[in-house]
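# Observations on chain architecture
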Amino acid sequence: MTSNNKWGVVAEFDSATSIYHACEKVTAEGYTRTDAHTPFPVHGLDKVLKQPESGLGWLVVCCGFTGIILAQLMMWWMNAYDYPIWVSGKQPYAWPSTIPITFEMMILLSGLGAVFGMFALNRLPRLHHPIFAHSTIHRVTDDRFFLSIEATDPKFDSQATMQFLQGIGGANVEVIED
Amino acid sequence: MTATATQTTARSLSQIAPNVTSRVKAGDLATAQNGLIAVGVLIALLGYFEVFGHHGALSYLVGYMGVLGIALCALFFTMIQHITRAGWSVSVRRLAENMTGTLPFMLLMFIPIIYGFDDIYGHWAHANITDPNAANYDAVLAGKSSYLNKEFFFVRVGIYFAIWIALATFFRQNSIKQDESGDPALSMKMSRVAAPGLLLFALSITFAAFDWIMSVDPHWFSTIFGITYFAGGFMSFLAFTILLSMWLNSKGYYKEAINTEHYHDLGKLMFSFMIFWTYTNFSQYMLIWYANLPEETQWFTHRTLHGWGTIGTALIIGHFAFPFVFLLSRNVKRHKLGLPIGAVAMLLVHCLDMQFLILPSGLHGAEAHGGDGGALAAVADGDHGNGFGAYLATIDWADYGCFIGLLMVFTGLTLMNVRRTNLIPLRDPRLSESINFENF
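Residues numbered from 1 in each chain as written. Chains lettered and ligands numbered in written order. Predicted model: local features only at pLDDT ≥ 70, side-chain atom pairs only at ≥ 80, totals over all residues. Heavy atoms only, no water.

## Structural notes on the overall build of chain B
- Tallying secondary structure elements over chain B gives 22 helices and 0 strands in all.
- Here the C-alpha atoms of chain B give a radius of gyration of 23 Å, agreeing with the 22 Å that 2.2 N^0.38 yields for 440 residues.
- With the C-alpha coordinates of chain B rotated into their principal frame, the extents come out at 75 × 45 × 40 Å.
- Looking at chain B residue by residue over its 440 residues, the buried ones come to 57%.
- Taking all contacts inside chain B whose residues are at least 6 apart in sequence as the whole, residues at least 24 apart take part in 85%.
- Carbon and sulfur atoms make up 66% of the accessible area of chain B, which totals about 17400 Å².
- Side-chain charges in chain B split into 25 positive and 28 negative, and the spacing between the mean points of these groups amounts to 19 Å. (Helix = DSSP H or I, 4+ residues; strand = E, 2+ residues; numbered from the N terminus. Rg over C-alpha atoms; globule rule 2.2 N^0.38 Å. Buried < 20%, exposed > 50% of the residue type's maximum accessible area, 1.4 Å probe, protein only. Contact = heavy atoms within 4.5 Å. Areas by Shrake-Rupley, 256 points an atom, 1.4 Å probe, with all protein chains shown as cover. Lys, Arg positive; Asp, Glu negative; His and termini not counted. Charge placed at Lys NZ, Arg CZ, Asp CG, Glu CD.)

And the structure:
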């Protein structure tokens, strides 16, 4: 596919320390649509790149409360409305008996919300990503660290951004086509 | 890992965090310490001797058990950090160790309970209660009398305090010794002792809760009772630690040694043990409700009368629903105002929890002692005496006053210990890890 749409610029670094300092310079330069790709979690990179706080927590809270409401509705429907049965003198819809199920439904929906919400926010699953076009990107699972600046960044300019990344110590700086 | 093989000593505080002073300046905090102890003793004694009140011994027990839970769980905190060889908590641990240093004084503060023994534990210590021919013979209490008798009760008081004071002294003294030598072998030694220490702690706090709180209603029994007491106590210990260390921090101590990351972790633990308290209490309630046996349900029947039903609801909201929503967010736990507000609320509901456990059994013992007749008749008459007004008519000021007074004494005694030792374990091998740790 020959397209003139640029996805961004990717630079390679050879250590966690060097990519950490590179990220500091990228943020100081004013780039915002950035990302770091590393073989293992490098603590503090998200703060240096000023990554916004994940919205996953709010999603999980909503799922949890949905679970509570669903469980209560389910037990009220089954035990008190549709087919009420009196067991050992307890009311058909007695709150103490609903707590364990409510708790479990809250946990279940929160857990599912956390896993699938994480997938959705990361736009997974996907079979291909433009960054795979970089010539040495396969070493990201081994011993190299990559820093990308996307074309959607307001400060992005393929020539200037490339030179900037080379200037702060990036190797194999390549412009990636979408 | 054999730490003895290398014989390296840990780095000193001046190398890790040069800003942090290792000791309280001479004379500093002395006014706070003496003032807290003096005013606290005064308030507790006014409460105990029923000045403007009417059930001093029970009020004192409410306050005492509330504060004892904090002191004991400081010991638990110390041991759990050693057994897990935790790094994050090292700079907080000295404060907990200094709280455990108050346990000998807690034994001293137990004397009013011995003095008021008949007011509190009279239900099972009546004369002739085990004599089949006596008018007040009670077959259930006669069956329990090999455990619930005055002599064995006091022997157990001695055993519990012997365990607690011995463990507290061991961990505090070895930690202080490490300030001088920096010997990592001391950490290994404390880690090894923490395992049997925790076992002894679990058994002693469980039976202490049985003896000192549950036996106020001697007919009733619950095997999970000790754990509910422990859960509330540990939550309160964390709340108290957050507040005290924040106050010391505002005085210019600790600085980066106890920072937002530590407060965040203490807040997380406080949040989780608030939920654990709810979990254990619900587990207890659920089984009693489900089985519906009179000998067990009578305990909750008493807690629907004289306004205690309102307090039960208040505990569900104040000890669970509200703090759950309030403290759930990471941002609140890291907020310099949000977390202490939560901590103050947790200490208040801890006092309310102690009232709910002790006072309904203690104050309305006649109903409790005469089987369910009195209480059930009151329910049948529609005389629930419920609502917040009934609660206010039931309690008196000392039910809060003794807790606040004894908490002030406890704070003063802790400050006394804080002033005598270094503020943090200066040469603990994991101190650097603790000061530099971050929540990611």
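Once you've had a look at it, read on.
## Quick notes on the overall build of chain A
- Secondary structure summary: chain A contains 5 helices and 4 strands in total.
- Going from the N terminus to the C terminus, chain A shows its helices and strands as β-α-β-α-α-α-β-α-β.
- In terms of C-alpha radius of gyration, chain A reaches 25 Å, well past the compact-globule figure of 16 Å for 178 residues.
- With the C-alpha coordinates of chain A rotated into their principal frame, the extents come out at 80 × 35 × 30 Å.
- Split into buried and exposed, the 178 residues of chain A put 33% on the buried side.
- Within chain A, counting contacts between residues at least 6 apart in sequence, those at least 24 apart form 79% of the total.

## Some details on the interface of chain B and chain A
- Residue-level contacts link 10 residues of chain B with 12 residues of chain A.
- Roughly 1100 Å² is buried in total at the junction of chain B and chain A, and carbon and sulfur atoms are behind 72% of that figure.
- When residues of chain B are sorted by the area they lose upon contact with chain A, B:Phe282, B:Trp289 and B:Phe440 head the list and together hold 48% of the total.
- Taken together, the links from chain B to chain A amount to 1 salt bridge.
- At the junction of chain B and chain A, the tally comes to 3 residue pairs in polar contact (both at pLDDT 80 or more). (Buried area = accessible area lost by both parts, 1.4 Å probe. Salt bridge = Lys/Arg side-chain N within 4 Å of Asp/Glu carboxyl O. Polar contact = N/O pair within 3.5 Å; in protein donor to acceptor, adjacent residues only side chain to side chain.)

## Focus on a positive patch on the surface
- A cluster of basic residues, B:Arg85, B:Lys177, B:Lys189 and B:Arg192, forms a positive patch on the protein surface.
- As for its placement among the helices and strands, B:Arg192 is situated in helix H11 (residues 184-212). (Patch = residues over 30% accessible without salt bridge, like charges linked within 9 Å, V, L, I, M, F, W, Y side chains within 5 Å.)

## Some thoughts on the packing of helix H8 (residues 117-125) of chain B against helix H10 (residues 150-181) of chain B
Residue and element names in this part refer to chain B.
- Their axes nearest at 12 Å, the elements H8 and H10 cross at an angle of 125°. Viewed along their axes, H8 and H10 adopt a mutual orientation that is oblique. The element H8 and its partner H10 pack so that their crossing is right-handed. For the pair H8 and H10, the contacting residues are Phe117, Asp118, Tyr121 and Trp124 in the first and Lys150, Phe153 and Phe154 in the second.
- Looking at side-chain class alone, the contact of H8 with H10 contains 5 nonpolar, no polar and 2 charged residues. (Axes fitted to C-alpha atoms, helices over the stretch in contact; angles between N-to-C directions. Parallel < 35°, antiparallel > 145°, perpendicular 65-115°, else oblique. Left-handed = near helix turned anticlockwise from the far one by under 90°. Nonpolar A, V, L, I, M, F, W, Y, C, P; charged D, E, K, R; others polar.)

## Some remarks on the domain arrangement of chain A
- Along its sequence, chain A is carved into domain 1 (3-53 + 131-177) and domain 2 (56-121).
- Distance between the C-alpha centres of domain 1 of chain A and domain 2 of chain A: 44 Å. (Domains from an automatic or database assignment.)

## Digging into the sheet that holds strand S1 (residues 6-13) of chain A
All names here are of chain A.
- Across the sheet, which stays open at both edges, the 4 strands sit in the order S2-S3-S1-S4 with antiparallel pairing between neighbours. Among the strands making up the open sheet, the edge pair consists of strand S2 (34-37) and strand S4 (171-177). Between one strand and the next, the sheet's axes are offset by a mean angle of 20°, whatever the strand orientation.
- Bridge count for S1 against strand S3 (residues 145-150) is 6 bridges, and the pairing is antiparallel. Its bridge partner being in S3, Ala11 is matched across the sheet by Leu147.
- Seen against the sheet, helix H5 (residues 158-167) touches S1, S3 and S4 and runs at an angle of roughly 10° to S1. (Pairing = 2+ DSSP bridges.)

## Quick word on unusual backbone geometry
- For the bond running from A:Leu124 to A:Pro125, omega is -5°, close enough to zero to count as cis.
- Within the secondary structure, A:Pro125 is located in the loop between helix H4 (95-121) and S3.
- Phi angles above zero are rare outside glycine, and B:Asn292 is one such case at about 60°.
- Tracing the chain through its elements places B:Asn292 in the loop between helix H13 (260-291) and helix H14 (294-302).

## What about the pattern of salt bridges?
- Taken as a whole, this structure holds 13 salt bridges over all chains when the rule is applied.
- With a closest N to O distance of 3.2 Å, A:Glu150 and A:Arg33 form a salt bridge. With A:Glu150 in strand S3 and A:Arg33 in the loop between helix H1 (16-29) and S2, this pair connects stretches of sequence that are 117 residues apart.
- You can call A:Glu150 buried: its relative accessible area is 17%.
- Residue classification places A:Arg33 among the partly exposed residues on the basis of a relative accessible area of 43%.
- A salt bridge links B:Arg93 to B:Glu97, with the nearest nitrogen and oxygen atoms 2.9 Å apart. Of this pair, B:Arg93 and B:Glu97 both sit in helix H5 (residues 90-100), separated by 4 residues, roughly a single helical turn.
- Several salt bridges share partner residues, and in doing so they unite B:Arg93, B:Arg94, B:Glu97, B:Asp179 and B:Asp428 into one network.

## Focus: the state of the cysteines
- One pass over the structure, following the stated rule, counts 0 disulfides over all chains.
- The closest cysteine sulfur to the non-disulfide-bonded A:Cys62 is located on A:Cys63, 7.0 Å from its own sulfur.
- Looking at A:Cys62, the relative accessible area reads 48%, which means it is partly exposed.
- Left without a disulfide partner, B:Cys351 is nearest to the cysteine sulfur of B:Cys402, which lies 9.3 Å away. (Disulfide = S-S within 2.5 Å.)

## Some remarks on the packing of helix H3 (residues 30-48) of chain B against helix H21 (residues 398-420) of chain B
Residue and element names in this part refer to chain B.
- Running from N to C, H3 and H21 point in directions that differ by 150°, and their axes come no closer than 7 Å. Put simply, H3 runs roughly antiparallel to H21. As H3 runs across H21, the sense of the crossing is left-handed.
- Among the residues making up the contact of H3 with H21, the classes are represented as 17 nonpolar, 7 polar and 1 charged.

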